[in-house]
Amino acid sequence: GENVEQHPSTLSVQEGDSAVIKCTYSDSASNYFPWYKQELGKRPQLIIDIRSNVGEKKDQRIAVTLNKTAKHFSLHITETQPEDSAVYFCAASPLGSGGYNKLIFGAGTRLAVHP
Amino acid sequence: EPEVTQTPSHQVTQMGQEVILRCVPISNHLYFYWYRQILGQKVEFLVSFYNNEISEKSEIFDDQFSVERPDGSNFTLKIRSTKLEDSAMYFCASSEAAGTSGTFYNEQFFGPGTRLTVL
């Protein structure tokens, strides 16, 4: 089955710096890759996602890149702010014809942005 | 903006007791999921549900677990005889039917979770 590895487990940056979180996946059938942000005690919330027919996607300060050949994808946050501090999870999911797909999550990255 | 809701927010139970966790998915969604997150660990897939049947389940989802859509709005997870290791945060999620937005729209919306503590 699918396995997702995520690095680093913790990341500490100064406000205004960039942050990069990397994930690798094992199942070449996976072609949907969401990123979720989870604040302490709260639900995971989708911040950006990418499908395998796209190599990069950007939404304001957040971007995701995907390398299907190498089976890895990355989250880039630019101009970090203290409110970006949270745990970030990557996930992989095969985009099947049924329309439903389990998400296999990475172990999470705890991002701390210091003022 | 519509949200997935879950009740209760916190459930404390004795080992061996049955618990039912409740979820109300977003109203026009047809695909439902349960995930769990043991404290400090990753979110783990338990089960997906569509058209009143389980579409996929993980190794964690053994005979002690069951899911049900008893009416048009609720989606429940039952654990028949709880164990200490079932203590975790349980998240319900839902996603829109394929094709209603013109693509296989796959975003899963998560509920706030139920923290289950088994003593």
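Whatever comes next refers back to the structure up there.
Computed from a predicted model, the values in this text were never measured in an experiment.

A. Highlighting the overall build of chain A. Scanning chain A from terminus to terminus reveals zero helices and 11 strands. In chain A, the succession of α and β elements from N to C terminus is β-β-β-β-β-β-β-β-β-β-β. Here the C-alpha atoms of chain A give a radius of gyration of 14 Å, agreeing with the 13 Å that 2.2 N^0.38 yields for 115 residues. Overall, chain A is about 45 × 30 × 20 Å in size when its C-alpha atoms are taken along their principal axes. Here chain A holds 115 residues, and the buried ones make up 44% of them. The long-range fraction of contacts in chain A, counting pairs at least 24 apart against all pairs at least 6 apart in sequence, stands at 55%. Summed over all atoms, the accessible surface of chain A reaches about 5,500 Å², with 47% contributed by carbon and sulfur. Taking the average location of the 12 positive side-chain charges in chain A and that of its 12 negative ones, the two points are 6 Å from each other.

B. Focus on the overall build of chain B. Secondary structure summary: chain B contains zero helices and 11 strands in total. Across chain B, helices and strands are ordered from the amino to the carboxyl terminus as β-β-β-β-β-β-β-β-β-β-β. Computed over the C-alpha atoms, the radius of gyration of chain B is 14 Å, within 12% of the 14 Å expected from 2.2 N^0.38 for a compact globule of 119 residues. Its C-alpha atoms put chain B at 45 × 25 × 25 Å along the principal axes. Within the span of chain B, comprising 119 residues, buried residues form 43% of the whole. By sequence separation, contacts in chain B at least 24 residues apart represent 56% of the contacts at least 6 residues apart. When the accessible surface of chain B is summed, it comes to about 5,800 Å², and 48% of that surface belongs to carbon and sulfur atoms. The average position of the 9 basic charges and that of the 15 acidic charges among the side chains of chain B differ by 6 Å.

C. Region of the structure containing unusual backbone geometry. For the bond from His7(A) to Pro8(A), the omega torsion is -5°, close enough to zero to count as cis. Assignment of secondary structure puts Pro8(A) in the loop between β1 (4-7) and β2 (10-14). Backbone torsion omega between Thr7(B) and Pro8(B) reads -10°, so that peptide bond is classified as cis. For Lys71(A), which is not glycine, the phi torsion reads 55° and is therefore positive. Tracing the sequence through the fold places Lys71(A) in the loop between β7 (62-67) and β8 (72-77).

D. Structural context of the environment of Ala112(A). All names here are of chain A. Summarising the element assignment, Ala 112 is placed in strand β11 (residues 109-114). A relative accessible area of 28% means that Ala 112 is categorised as partly exposed. Linking Ala 112 and Ala 19, residues 93 residues apart in sequence, is a C-alpha distance of 9.9 Å. Among all residues touching Ala 112, those that are not within four sequence positions of it are Leu 11, Ser 12, Val 13 and Ser 85.

E. Just the packing of aromatic side chains, in detail. Overall, the coordinates contain 18 aromatic pairs over all chains when judged by the stated rule. Note on Tyr25(A) and Phe73(A): the rings are 6.0 Å apart at their centroids and 55° apart in plane angle, and the pair reads as tilted. Of this pair, Tyr25(A) sits in strand β3 (residues 19-25) while Phe73(A) is found in strand β8, placing the two residues 48 residues apart along the sequence. The residues Tyr25(A) and Phe73(A) share a single accessibility class, namely buried. Ring centres of Phe49(B) and Phe75(B) lie 5.2 Å apart, and the angle between their planes is 40°; this geometry places the pair in the tilted category. Of this pair, Phe49(B) sits in strand β5 (residues 43-50) while Phe75(B) sits in strand β8 (residues 75-79), placing them 26 residues apart in sequence. By relative accessible area, Phe49(B) is classed as buried at 5%. An aromatic cluster is defined as three or more aromatic residues linked by ring pairs; in this entry it consists of Tyr36(A), Phe89(A), Phe105(A), Tyr33(B), Tyr35(B), Phe45(B), Phe91(B) and Phe110(B).

F. Representation of the layout of surface pockets. For the largest pocket, the calculated volume is near 430 Å³. Gln38(A), Leu40(A), Val87(A), Arg110(A) and Gln37(B) are, among the 22 residues lining the largest pocket, the residues nearest its centre. The set of elements that each furnish at least two residues to the lining of the largest pocket consists of β9 (86-94) and β11 of chain A together with β9 (88-96) of chain B. Counting residues per element, the lining of the largest pocket draws most heavily on β9(A), at three residues. Residue composition of the lining of the largest pocket, by class: 10 nonpolar, eight polar and four charged.

G. The arrangement of the pattern of salt bridges in detail. All names here are of chain A. For the coordinates displayed, the defined rule picks out six salt bridges over all chains. For the salt bridge of Lys 57 with Asp 49, the shortest nitrogen-to-oxygen distance reads 2.9 Å. Lys 57 sits in the partly exposed class, given a relative accessible area of 35%.

Reading the values: rules and limits
- Residues numbered from 1 in each chain as written.
- Chains lettered and ligands numbered in written order.
- Predicted model: local features only at pLDDT ≥ 70, side-chain atom pairs only at ≥ 80, totals over all residues.
- Heavy atoms only, no water.
- Helix = DSSP H or I, 4+ residues; strand = E, 2+ residues; numbered from the N terminus.
- Rg over C-alpha atoms; globule rule 2.2 N^0.38 Å.
- Buried < 20%, exposed > 50% of the residue type's maximum accessible area, 1.4 Å probe, protein only.
- Contact = heavy atoms within 4.5 Å.
- Areas by Shrake-Rupley, 256 points an atom, 1.4 Å probe, with all protein chains shown as cover.
- Lys, Arg positive; Asp, Glu negative; His and termini not counted.
- Charge placed at Lys NZ, Arg CZ, Asp CG, Glu CD.
- Phe/Tyr/Trp six-rings, centres within 6.5 Å; stacked < 30°, edge-to-face > 60°.
- 1 Å grid on protein atoms, 1.4 Å probe; cavity = no way out; pocket = protein on both sides within 12 Å on 5 of 7 lines; lining within 4 Å.
- Points joined across faces, edges and corners; volume = space filled by probe spheres on them.
- Nonpolar A, V, L, I, M, F, W, Y, C, P; charged D, E, K, R; others polar.
- Salt bridge = Lys/Arg side-chain N within 4 Å of Asp/Glu carboxyl O.

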